[in-house]
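So the chains spell out like this:
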Amino acid sequence: MTDLITPELARSEPGDGQPYAYRRAELVEPDWTRLPGWKDVTAEEWRSVQWQRSHCVKNVKQLRDVMGDLLEDRFYDDLTRDQAERATMSMLLPPQMLNTIVPSGAADYTEAFYADPVRRYMLPVFSDRRADWPSHPHATRDSLHEHEMWATEGLTHRYPTKVLAEILPTCPQYCGHCTRMDLVGNSTPVIDKLKFVAKPQTRLDNMLDYLRRTPGVRDVVVSGGDVANMPWPRLESFLMSLLEIENIRDIRLATKALMGMPQHWLSSDVLAGVERVASVARNRGVMIAMHTHVNAAQSVTPLVAEASKAMLEAGLRDVRNQGVLMRGVNDTIPQLLDLCFALLDGANVTPYYFYMCDMIPFSEHWRVSVREAQHLQHGILGYLPGFATPRIVCDVPYVGKRWVHQLSEYDEVRGISYWKKNYRTGIEQQDPEALNRTYEYYDPIDTLPVEGQQWWTQHAGTTLAEAEERAAASRAAAEAQKFLDLT
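Computed from a predicted model, the values in this text were never measured in an experiment.

**Student:** Tell me about the sheet that holds strand 13 (residues 439–442), residues and numbers included.
**Tutor:** Strand order across the open sheet formed by three strands is 11-12-13, with antiparallel pairing between neighbours. In this open sheet, the two edge strands, each paired with only one partner strand, are strand 11 (409–411) and strand 13. Going from strand to strand, the sheet's axes swing by 20° on average, the running direction of each strand aside. Two strands pair when backbone bridges link them, and strand 11 and strand 12 (residues 416–419) are joined in this way by three bridges, in the antiparallel orientation. Considered in strand 12, the bridge of D411 is made with I416.

**Student:** Account for the pattern of salt bridges, with residues named and values stated.
**Tutor:** Where charged atoms of side chains with opposite charge meet at close range, the side chains can pair. If you walk through the whole model with that rule in mind, you get 26 salt bridges. The closest approach of N and O atoms between R276 and E236, which form a salt bridge, is 2.8 Å. Of this pair, R276 sits in helix 12 (residues 268–283) while E236 sits in helix 9 (residues 232–243); the two residues are 40 residues apart in sequence, bridging distant segments of the chain. Owing to a relative accessible area of 42%, R276 belongs among the partly exposed residues under this scheme. Each of R130, D132, R327 and D446 takes part in one network of salt bridges that share partners.

**Student:** How would you sum up unusual backbone geometry? Please name residues and give values.
**Tutor:** The omega torsion of the bond from G224 to G225 falls at 15°, within 30 degrees of zero and hence cis. Structurally, G225 is set in the loop between strand 4 (219–223) and helix 9. Although it is not a glycine, H145 adopts a positive phi angle of roughly 60°. Positioned with a positive phi, Y398 is a non-glycine residue whose angle comes to about 65°. Inspection of the secondary structure assignment puts Y398 in the loop between strand 9 (391–396) and strand 10 (400–403).

**Student:** Describe in detail the sheet that holds strand 1 (residues 150–152), supporting the description with residues and values.
**Tutor:** In sheet architecture, strand pairing relies on hydrogen bonds along the backbone and comes in two forms, parallel and antiparallel. One open sheet holds the 10 strands; their spatial order is 1-2-3-4-5-6-7-8-9-10, and the pairing between them is mixed. Sheet topology places strand 1 and strand 10 at the edges, where each strand pairs with a single neighbour. Two strands pair when backbone bridges link them, and strand 1 and strand 2 (residues 155–156) are joined in this way by two bridges, in the antiparallel orientation. Across the sheet, W150 pairs through a bridge with T156, a residue of strand 2.

Basis of the calculations
- Residues numbered from 1 in each chain as written.
- Predicted model: local features only at pLDDT ≥ 70, side-chain atom pairs only at ≥ 80, totals over all residues.
- Heavy atoms only, no water.
- Pairing = 2+ DSSP bridges.
- Helix = DSSP H or I, 4+ residues; strand = E, 2+ residues; numbered from the N terminus.
- Axes fitted to C-alpha atoms, helices over the stretch in contact; angles between N-to-C directions.
- Salt bridge = Lys/Arg side-chain N within 4 Å of Asp/Glu carboxyl O.
- Buried < 20%, exposed > 50% of the residue type's maximum accessible area, 1.4 Å probe, protein only.

What follows is the structure, encoded as structure tokens:
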């Protein structure tokens, strides 16, 4: 167990002459025995993936068992209300992640817990959410319309040469802002989750069959959910089958668990399996990499670094980070640069993308405007190596990833940005206008000037009931599309 230290993250200091002053910070594994429920947990237990999985926090009672009297009742009450009235994801927090919240302790633990960036997206509470605009009027459950683009169940073909394989609907941890909240995880009181219909192996076989007969696809993102939740023998079999398909030249494994449960990727059987897959990929000239999801510098600990380096030593081409840009989590230039340098210097993880938070229900308190995203992109340029300078992107519905400076037009008063694209998605092959029309994305209404907020009040539903009605309509559309796909 590493001693509890509070490293100073890089900040500008008098005389530096720069808006941001780089200072390398050593990674620290917070002392989990500071938490009452884990005071007797040994280092051997902490490194055990079985122990981590069996001690995940899944409800308020289990959180109270770990935290004890460190947190006041008002926090537990706040969390309970959110789980009942707002949460689109059920609670699932591995010990590894919970341990990085308020990593050094605090005199007023409750206030520090409320303010913590990891807490803000992993354990959202009712008071976090906006009362005036809890959801944007255009928020939808499947905000990127991935289900509409399923070539087979779970296989989204949105880009010309790339597909997303959602191989399972679960993760070792559930982020409050999950873009696939319509499918991933357990249902919550406000969200009845979409369920896969086909049997797991049938679903994987159908994906492989589609890729064999679609030579225009060369790149497969293997995701879910999180691939760390698929038993390794089944995942390895799927990956080996992908490697037998001649047109597949890139494979990317999507797993937040590299950070949230690095113990999984350090397991001897998993490491041996990664080595086997990487060896076959190398012999066949296929590039295989891992994409993880880290949003705050304090999450990058020595165990995370050990797991990342183990993946590289096992033969993966690269380990990259795709974070999500969120208010109160990483929406300042120092926070983003601190995170990027912790990943790059400490864990050999390449900062790759920061996505703007998607327009799912009850996410307005997390989202930032396009203009703010542009400001942040400008602010981080010039500090990192070019290959490790992440692009901040907007995942525009029916378009896909677009760099935040790529918009065609921008009405900053009403917060509506307009975007174009240079390819057809899987559902637009016969659409002659797909490349000519513009597609809209919407800023959070509370970030707009008064004139813009008044316009939305006059032109869109603002009540919670209306927001929930829109979410229900989105759900019905997804169910109808699923039925059409299966008939």
